[in-house]
Amino acid sequence: MSLPNSEPEHPSRIVDRYLSRYNIEPNLGQNFLIDPFPIRTSIQAASDLGLNNDSHVLEIGPGPGVLSVELLRLGSKITAIEISQNACDFLESELNHEGLNLFNEDALSIQWPDTITHVVANIPYGISSPILERIQEHHRSNPLMGISLLVQREFAHRMVMKSIPKDRGPLGIALWLDFECKLISDVPPSSFRPQPDVYSSIVTLRPVSRIELQDVSRKLVRRISSWCFGRRRRKMRTSLRDIPRGILKIGKWSSSDWLRILDNLENEGGNLRGFMDKRPEELTPEQWTSICRIIAR
Ligand code: SAH
């Protein structure tokens with residue numbers, strides 16, 4: 001593979017070489033990028049979030065390394081976590097570079113370095129949700145500067161809450177607490193080998209510090225919003241009266257504490273006036289955080 005200081009090689013040639021040695025592992029969600037455009041766009045989007053030769057990038061699922069080689073060209077240091085032994089063998093033989101620290105592991109199970117500044121990844125769509133949860137958790141203890149991800153298009157729409165109410169849900173609400181998510185560009189199936197059945201999108205996450213939200217429990221927001229969105233057609237009052245699963249444990253509340261909490265919510269003014277008669281998709285992220293603040297009070 002072309003090393004950072006040599007002529008760039010077309011990604012489809014790198015993937016060809018990979019596929020002449022190994023088979024696709026469909027159970028690992030392998031769809032490799034063969035189109036230079038989304039590769040350049042992802043990296044440019046990360047550069048707009050401060051990625052440069054001082055950065056330490058976490059790359060999840062590098063596969064044959066078409067993104068990794070461009071990150072190295074930029075001079076960034078990479079920690080790459082790749083679950084496929086084949087992909088790791090390939091990367092080791094082709095992209096032996098001191099800037100690349102490769103782990104043959106499951107990105108969801110191993111500890112990520114504290115010093116990472118950015119995350120860049122074309123992640124397997126099956127693990128987009130847990131990866132994002134993990135990114136958000138990591139960011140809460142070790143602040144990141146920017147994240148650029150390739151995900152399934154509908155998932156991207158839910159991340160950025162593109163159309164209201166359709167794309168409003170627990171995913172977008174939880175991310176909104178810590179990030180400004182932005183749709184950068186759509187990527188057609190023809191940009192990958194093998195081609196996926198769906199369109200993809202590049203999305204960036206820019207950390208935002210909403211001071212007023214520092215004390216709001218992300219876990220509570222996630223739990224309450226998932227519960228209520230799981231009953232999308234019901235009014236908030238009905239869903240909350242059913243006692244969201246696992247909620248009592250979060251605050252060590254008894255069921256009578258919960259009734260008291262519901263009373264407080266009913267009587268709350270401000271941006272929560274009348275919200276019990278609404279459906280979850282009608283509430284703004286600000287209202288969700290007010291709800292959680294009152295519950296935790
Ligand atoms: N980023 C490369 C490969 C994308 S395919 C490209 O854009 O071409 C997704 C990659 O993630 C595959 O290489 C797959 O083996 C890897 N992968 C799947 N599950 C993973 C996990 N849990 N942890 C780390 N890597 C994973």
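## Some remarks on the overall build of the protein
Step number 1: Scanning the protein for helices and strands turns up 12 helices and nine strands.
Step number 2: Taking 2.2 N^0.38 as the reference for a compact globule, 297 residues should give roughly 19 Å; the C-alpha atoms of the protein span a radius of gyration of 21 Å, in line with that estimate.
Step number 3: By principal-axis analysis of the C-alpha atoms, the protein measures approximately 65 × 35 × 30 Å.
Step number 4: Expressed as a percentage of its 297 residues, the buried residues of the protein come to 51%.
Step number 5: In the protein, the proportion of contacts linking residues at least 24 apart, taken out of those at least 6 apart, comes to 66%.
Step number 6: Approximately 13800 Å² of the protein is accessible, and the part contributed by carbon and sulfur atoms is 47%.
Step number 7: With 37 positive and 36 negative side-chain charges, the protein shows a spacing of 9 Å between the two charge centroids.

## What to know about the pattern of salt bridges
Step number 1: In this structure the tally under the stated criterion is 19 salt bridges.
Step number 2: A salt bridge links Asp16 to Arg193, with the shortest nitrogen-to-oxygen separation between them at 2.5 Å. Separated by 177 residues along the polypeptide, Asp16 in helix H1 (residues 11-21) and Arg193 in strand E8 (residues 192-193) bring together distant segments of the chain.
Step number 3: When its relative accessible area of 41% is taken as the criterion, Asp16 is described as partly exposed.
Step number 4: The salt bridge involving Glu281 is made with Arg233; its shortest N-O contact spans 4.0 Å.

## Overview of the site of the ligand
Step number 1: Taken together, the neighbourhood of the ligand is formed by 20 residues, with Gly61, Glu82, Asp106, Ala107 and Asn122 sitting nearest.
Step number 2: Between the ligand and Ile83 there is a distance of 3.3 Å, counted from a nitrogen atom to a backbone nitrogen or oxygen.
Step number 3: Separating a nitrogen atom of the ligand from a backbone N or O atom of Ala107 is a distance of 2.9 Å.
Step number 4: Relative to its free-state accessible area of 570 Å², the ligand is covered by the protein chains to the extent of 97%.

## Some details on the nonpolar core
Step number 1: Leu33 and Leu71 are the most contacted members of the largest nonpolar core, which totals 31 residues.
Step number 2: Where this core is concerned, the elements lending two or more residues are H1, strand E1 (32-33), helix H2 (36-47), helix H3 (66-74), strand E3 (77-81), helix H4 (85-94) and strand E4 (100-103).
Step number 3: Tallying contributions element by element places H3 first for this core, with five residues.
Step number 4: With sequence-adjacent residues up to four places away left out, Leu33 is seen in contact with Pro11, Val15, Pro38, Ile39, Val66, Leu67, Asn122, Leu150, Ser191 and Phe192.
Step number 5: Judged by nonpolar contacts, the second largest core, of 29 residues, contains Leu220, Leu240, Ile247 and Ile291.

## So, the domain arrangement of the protein
Step number 1: Partitioning the protein into structural domains gives domain 1 (11-209) and domain 2 (218-296).
Step number 2: Measuring from the centre of the C-alpha atoms in domain 1 to the corresponding centre in domain 2 gives 34 Å.
Step number 3: Contact residues are listed per partner, giving 14 residues for domain 1 and 15 residues for domain 2.
Step number 4: A per-residue breakdown of the area domain 1 buries against domain 2 is headed by Arg168, Ile173 and Leu177, which together make up 43% of the total.
Step number 5: For the interface between domain 1 and domain 2, the tally reads one salt bridge.
Step number 6: In this structure, Arg218 engages Asp178 in a salt bridge whose closest nitrogen and oxygen atoms are separated by 2.9 Å.

## A few points about the packing of H2 against H3
Step number 1: Between H2 and H3, the shortest axis-to-axis distance is 10 Å and the interhelical angle comes to 45°. Classified by the angle their axes make, H2 and H3 are oblique. The handedness of the crossing between H2 and H3 is right-handed. Counting all contacts with H2, which are made through Ile39, Ser42, Ile43 and Ser47, the residues of H3 involved are Val66, Leu67, Glu70, Leu71 and Leu74.
Step number 2: Among the residues forming the contact of H2 with H3, the class breakdown is six nonpolar, two polar and one charged.

## Description of the side chain of Gln136
Step number 1: Note that Gln136 resides in helix H5 (residues 128-141).
Step number 2: Overall, the relative accessible area of 2% leaves Gln136 in the buried class.
Step number 3: A polar contact is formed between the side chain of Gln136 and the backbone oxygen of Ala174, at a distance of 2.7 Å.
Step number 4: Look past the residues within four positions of Gln136 in its chain and what remains in contact with it is Ala174, Leu175, Leu177, Asp178, Phe179, Arg218 and Arg222.

## Observations concerning the environment of Ile60
Step number 1: Examined against the element boundaries, Ile60 turns out to sit in strand E2 (residues 56-60).
Step number 2: A relative accessible area of 2% places Ile60 in the buried class.
Step number 3: Expressed as a C-alpha distance, the spacing of Ile60 and Leu205, which sit 145 residues apart in the sequence, is 16 Å.
Step number 4: In contact with Ile60, other than residues within four places in its own chain, are Ile81, Ala107, Trp112, Val119, Val120, Ala121, Asn122, Ile123 and Ile131.

Definitions and cut-offs
Residues numbered from 1 in each chain as written. Predicted model: local features only at pLDDT ≥ 70, side-chain atom pairs only at ≥ 80, totals over all residues. Heavy atoms only, no water. Helix = DSSP H or I, 4+ residues; strand = E, 2+ residues; numbered from the N terminus. Rg over C-alpha atoms; globule rule 2.2 N^0.38 Å. Buried < 20%, exposed > 50% of the residue type's maximum accessible area, 1.4 Å probe, protein only. Contact = heavy atoms within 4.5 Å. Areas by Shrake-Rupley, 256 points an atom, 1.4 Å probe, with all protein chains shown as cover. Lys, Arg positive; Asp, Glu negative; His and termini not counted. Charge placed at Lys NZ, Arg CZ, Asp CG, Glu CD. Salt bridge = Lys/Arg side-chain N within 4 Å of Asp/Glu carboxyl O. Near = heavy atom within 4 Å. Polar contact = N/O pair within 3.5 Å; in protein donor to acceptor, adjacent residues only side chain to side chain. Core = buried A, V, L, I, M, F, W, Y, C linked by side-chain atoms within 4.5 Å. Domains from an automatic or database assignment. Buried area = accessible area lost by both parts, 1.4 Å probe. Axes fitted to C-alpha atoms, helices over the stretch in contact; angles between N-to-C directions. Parallel < 35°, antiparallel > 145°, perpendicular 65-115°, else oblique. Left-handed = near helix turned anticlockwise from the far one by under 90°. Nonpolar A, V, L, I, M, F, W, Y, C, P; charged D, E, K, R; others polar.

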